Amino acid sequence: MAGAAIAENEAERLAALVATGLLDSEHEAVFDAIVTLAATICAVPMAAISLIDRDRQWFKASVGIDVSETPREDAFCAHTILRPEPMEIGDACADARFRDNRMVLGEPHVRFYAGVPLTAGDGLALGALCVVDREPRQLDQAQRSSLRQLAQVIERLFAARVQGLRQQQFIVRITDAMPALILYLDHEERVRFANAELGRRAGGDAARVLGWTFREVCGPGLYQRIEPQLRRAQAGEDVDFEGSEQLGGRLVHYHNHYLPDRDEQGRVRGVFALTFDVSEQREAEIAARRAERRLQLIADNLPGAVSIIDRDHIYRFNSAEYERVLGRPLSQITDHPVREVHGEAVYAQVRPHLERALGGERSSFELALQTARGQRFLRGTYVPKRDDAGCVVGVFGLILDQTELKQAEDRLRQMAEYDALTGLANRYRLYDEIAASAARARRHGGARALLYLDIDKFKAINDRHGHAGGDAVLVEFARRLKATVRATDTVARLAGDEFVVLLEEVHGVADASHVAEALVAAMQPPLNYQDQEIAFATSIGVALSHDAGEGADPWLQRADGALYAAKAAGRGSWRLAAA
């Protein structure tokens, strides 16, 4: 088995990868959320953000994959980074490049792979966003488009991370160049020691202030503002406070620590005064808040609702998608309890999943939610949020709105299981209902009955009134069937003018014959169609079953045989099949 080729720019690519600081970094919820979303969109069990190092493939985030890295020679993504466009392998066993790959022959038994290369700002490929399945398949166009969009989000997050690292390095250099100002004040508040920082600030030798009072060093205005903190330190208290002063035409922020110096008897004999210029730090915090707003923008554009929930079940962060999903402004969601936002019924459903995530486990769930925009069908994932010590301090939440997907599934199910013309169950649905009725009969006992019906001389109706007239008769016939039997009985259209009624909890021939006679009578009134009356009737074959193990086909054949007997007897009647 040969691994992927090595590109000519491999050295530059590896340097760009190292510069991101991503390799062997801690898990981050935003990347976990993206791979979970990718797996969900593509309906696969595995997804990952992989980074291709010199000799290995390392996963920044993954779902459904139990390892954190693999040899580079086994990595599908090592092939993906060699091309500018996504790579999709429908069946790895049929692909000469991968059919003898260890990941195909052994765990995780890869058969399907799709990967989108992840590039740095200079176009160098760092790795790939990939989705994997154990079965051959293909993505549809919407899934491919979603993968590309998610890959763009990841690339923007990578770029923001690199910029953040550069900002941190800049702050470190500033701090190294600007040490703290340190003074020691005796019990008379006279300066007994001053480091060089004071000289740099005062524009002269720090030694010249030795013996000065603290008031003389600070000036009367500043001294008046900080004197209460100095008094606390002289009374034996460690004091920590911040302030700001306008110095040299700029606002300087400082952080002060006043520490009492005690003698052997514990009496305060002086005070250490440490002053840190934190102006750059404050400016960096402002920049960090700007970066947070940029990350908020990214979260707001993810195709899912992202949240952070604290241990008291209070929303502390919500992306803009929550407004769309719930139809309410974020001001009514963020900083409000989950119970208050969704109500008791929904809270009762999500609370066990919240508790599981707060206990350290990932938890997924589905939810039907009534909102101002109507009923929404949601799929959610809660992931533990941990602090630097590894303690769970909250929950990261990802909610995907599956309403349109569920509606499409419902439409497909309707098309697959119900007759388009009459709305009745079709043959496939009937077989499912027969199997379910057999299971119930085995549990509770009792007989069942199948009534096999068709419309007498239906071809003549079609010939005289056309197919539109024939369809009108079929629709009316189906309506009368439904109106005559119980709501719990199953009415199905098999094909053409053939219909079946499944009766459960039948106590004998009398019950079935009563329904059959009622159906024959129900079809007697003519149908008024385009100012014409169309007369029609039905013949019925009835087959009782006391055996829950009897198969659907033999049972239907018995009922069909009884139907032919009814037709032979003169139509417009019913006959009972032999047991």
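Structure's up top.
Residues numbered from 1 in each chain as written. Predicted model: local features only at pLDDT ≥ 70, side-chain atom pairs only at ≥ 80, totals over all residues. Heavy atoms only, no water.

Points about the packing of aromatic side chains
What the rule picks out here adds up to eleven aromatic pairs. Seen from their ring centres, Phe241 and Tyr258 are 5.3 Å apart, and the 75 degrees between their planes marks the pair as edge-to-face. Within this pair, whereas Phe241 is found in strand 9 (residues 239–247), its partner Tyr258 is found in strand 10 (residues 250–262), the two being separated by 17 residues in sequence. Each of the two residues, Phe241 as well as Tyr258, counts as buried. With 5.6 Å between their ring centres and 65 degrees between their planes, Tyr315 and Tyr322 make a pair best called edge-to-face. A relative accessible area of 4% means that Tyr322 is categorised as buried. Through pairs of rings, three or more aromatic residues link up here, namely Phe214, Tyr223, Phe241 and Tyr258. Above the plane of the ring of Phe112 lies Arg137, whose end atom (NZ or CZ) is 5.6 Å from the centre. (Phe/Tyr/Trp six-rings, centres within 6.5 Å; stacked < 30°, edge-to-face > 60°. Helix = DSSP H or I, 4+ residues; strand = E, 2+ residues; numbered from the N terminus. Buried < 20%, exposed > 50% of the residue type's maximum accessible area, 1.4 Å probe, protein only. Lys NZ or Arg CZ within 6 Å of the ring centre and 35° of its normal.)

Here we look at the sheet that holds strand 17 (residues 447–455)
The five strands lie next to each other as 18-19-17-22-23, forming an open sheet whose pairing is mixed. Since the sheet does not close on itself, it has two edges, and those belong to strand 18 (490–495) and strand 23 (574–576), each with one partner. Going from strand to strand, the sheet's axes swing by 20 degrees on average, the running direction of each strand aside. Bridge analysis of strand 18 against strand 19 (residues 498–506) gives five bridges, and the strand direction is antiparallel. (Pairing = 2+ DSSP bridges. Axes fitted to C-alpha atoms, helices over the stretch in contact; angles between N-to-C directions.)

A short note on empty space enclosed by the protein
Taken as a whole and judged by the stated rule, the model has two cavities of 30 Å³ or more. The volume enclosed by the largest cavity comes to roughly 120 Å³. Around the largest cavity, the lining is made up of 15 residues, and of these Tyr315, Tyr322, His342, Leu378 and Ile399 lie nearest the centre. At the level of secondary structure, the elements contributing two or more residues to the lining of the largest cavity comprise helix 10 (321–326), helix 11 (338–342), helix 12 (344–358), strand 14 (363–371) and strand 15 (374–386). (1 Å grid on protein atoms, 1.4 Å probe; cavity = no way out; pocket = protein on both sides within 12 Å on 5 of 7 lines; lining within 4 Å. Points joined across faces, edges and corners; volume = space filled by probe spheres on them.)

What to know about the nonpolar core
Note that soluble globular proteins tend to have their nonpolar side chains buried in a common cluster. Ile49, Leu51, Leu129, Val131, Leu147, Ile154 and Phe158 are the most contacted members of the largest nonpolar core, which has 37 residues in total. Secondary-structure elements contributing two or more residues to this core are helix 1 (10–20), helix 2 (29–42), strand 1 (46–52), strand 2 (56–63), strand 5 (112–119), strand 6 (125–133), helix 5 (141–177) and strand 16 (392–401). Looking at which element gives the most residues to this core, the answer is helix 2, with eight residues. Excluding anything up to four places from it in sequence, Leu129 contacts Val35, Ala38, Ala48, Ile49, Ala114, Gly115, Val116, Leu118, Leu147, Leu150, Ala151 and Ile154. Grouped together as the second largest cluster of nonpolar side chains are 32 residues, Phe499, Ala516, Met523 and Leu527 included. (Core = buried A, V, L, I, M, F, W, Y, C linked by side-chain atoms within 4.5 Å. Contact = heavy atoms within 4.5 Å.)

A short note on the environment of Ala96
By the element assignment, Ala96 lies in the loop between strand 4 (87–89) and helix 4 (102–105). On the basis of relative accessible area, Ala96 is assigned to the exposed category, the value being 57%. In the structure, Ala96 is positioned 54 residues away from Leu150 in sequence and 29 Å away in space, judged by C-alpha atoms.

Comments concerning the pairing of strand 7 (residues 181–186)
With five of its six residues buried, strand 7 lies for the most part within the structure. Sheet topology note: the strand 7/strand 8 (residues 191–194) ladder contains three bridges and is antiparallel. Bridge assignment links Leu183 to a residue of strand 8, and that residue is Ala194. Taking the residues between adjacent antiparallel strands as the criterion, strand 7 and strand 8 are bridged by four residues, where Glu189 takes a positive phi near 65 degrees.

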